[in-house]
Amino acid sequence: MALSQSITLSNGLSVNEAYIRVDTVNGYKGGLDISVNSYVSQAAFTQGQGYIEQSLYHFIPSVEEGSENFIKQGYDYLKTLPEFESAIDVFE
């Protein structure tokens, strides 16, 4: 899974339909840190091109029986944030 949306980088450049992925998850049930990398496109990621921006986020995952895995929970958390409110799911 990934997300797609138009973004404005910290340097002011805009990227239409950026490909956004949770690339790293680190932590424990009391809190997870996720590294979210943005790429020019899904093709750029697939071809091994580097990310154009990286952001770090922290959330507390659910460990209840039947909960989604931590990566899916990370995407669900991102979609609650204003900067990802227009993001659409990309299923790989």
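Residues numbered from 1 in each chain as written. Predicted model: local features only at pLDDT ≥ 70, side-chain atom pairs only at ≥ 80, totals over all residues. Heavy atoms only, no water.

**Observations concerning the overall build of the chain**
And then number 1: Secondary structure assignment for the chain yields two helices and five strands.
And then number 2: In the chain, the succession of α and β elements from N to C terminus is β-β-β-α-β-α-β.
And then number 3: Relative to the 2.2 N^0.38 estimate, which gives 12 Å for 92 residues, the radius of gyration of the chain is 13 Å and therefore close to what a compact globule would have.
And then number 4: C-alpha extents for the chain along the principal axes are approximately 40 × 25 × 20 Å.
And then number 5: Put simply, the chain has 92 residues, and 35% of those count as buried.
And then number 6: For the chain, the proportion of contacts with a sequence separation of at least 24, taken over those separated by at least 6, is 45%.
And then number 7: Total accessible area on the chain is roughly 5700 Å²; 50% of this is exposed by carbon and sulfur atoms. (Helix = DSSP H or I, 4+ residues; strand = E, 2+ residues; numbered from the N terminus. Rg over C-alpha atoms; globule rule 2.2 N^0.38 Å. Buried < 20%, exposed > 50% of the residue type's maximum accessible area, 1.4 Å probe, protein only. Contact = heavy atoms within 4.5 Å. Areas by Shrake-Rupley, 256 points an atom, 1.4 Å probe, with all protein chains shown as cover.)

**As for the pattern of salt bridges**
And then number 1: Counted under the stated rule, the structure contains three salt bridges.
And then number 2: Put simply, D76 and K72 hold a salt bridge, and the shortest N to O gap is 2.7 Å. Within this pair, D76 and its partner K72 are both found in helix α2 (residues 70–78), separated by four residues, close to a single helical turn.
And then number 3: With a relative accessible area of 29%, D76 lands in the partly exposed category. (Salt bridge = Lys/Arg side-chain N within 4 Å of Asp/Glu carboxyl O.)

**Observations concerning α2**
And then number 1: Burial in α2 covers these residues: Q73, G74, Y75 and L78.
And then number 2: Regarding α2, its N-cap is N69, as a side-chain oxygen of that residue lies 2.9 Å from the backbone nitrogen of I71 further along. (Polar contact = N/O pair within 3.5 Å; in protein donor to acceptor, adjacent residues only side chain to side chain.)

**A short note on the sheet that holds strand β5 (residues 88–90)**
And then number 1: Read across the open sheet, the five strands follow the order β4-β3-β2-β1-β5; overall the sheet is antiparallel. Of all strands in the sheet, those with a lone pairing partner are β4 (53–59) and β5, marking the two edges. Looking at each pair of strands side by side, their axes are set apart by 40 degrees on average, direction ignored.
And then number 2: With seven bridges joining them, strand β3 (residues 31–39) and β4 adopt antiparallel strand pairing. The partner of L32 across the bridge, within β4, is F59. (Pairing = 2+ DSSP bridges. Axes fitted to C-alpha atoms, helices over the stretch in contact; angles between N-to-C directions.)

**Some points on unusual backbone geometry**
And then number 1: A positive phi angle, close to 55 degrees, is found at E17, a residue other than glycine.
And then number 2: By the secondary structure assignment, E17 is in strand β2 (residues 14–28).

**Looking at a nonpolar patch on the surface**
And then number 1: Taken together, the side chains of V25, V63, F70 and I71 make up a nonpolar region of the molecular surface, amounting to roughly 310 Å² of accessible area.
And then number 2: The exposure class assigned to V63 is exposed, which follows from its relative accessible area of 51%. (Patch = residues over 30% accessible without salt bridge, like charges linked within 9 Å, V, L, I, M, F, W, Y side chains within 5 Å.)

**Concerning the side chain of Q5**
And then number 1: With respect to the helices and strands, Q5 occurs in strand β1 (residues 2–8).
And then number 2: Classification of Q5 by relative accessible area gives buried; the value is 7%.
And then number 3: Of the polar contacts made by the side chain of Q5, one reaches the side chain of S86; its length is 3.1 Å.
And then number 4: Those residues within four positions of Q5 in sequence are excluded, and the remaining contacts are V15, E17, A18, I20, E83, F84, S86 and A87.

Distances and angles like these do not, on their own, reveal function.
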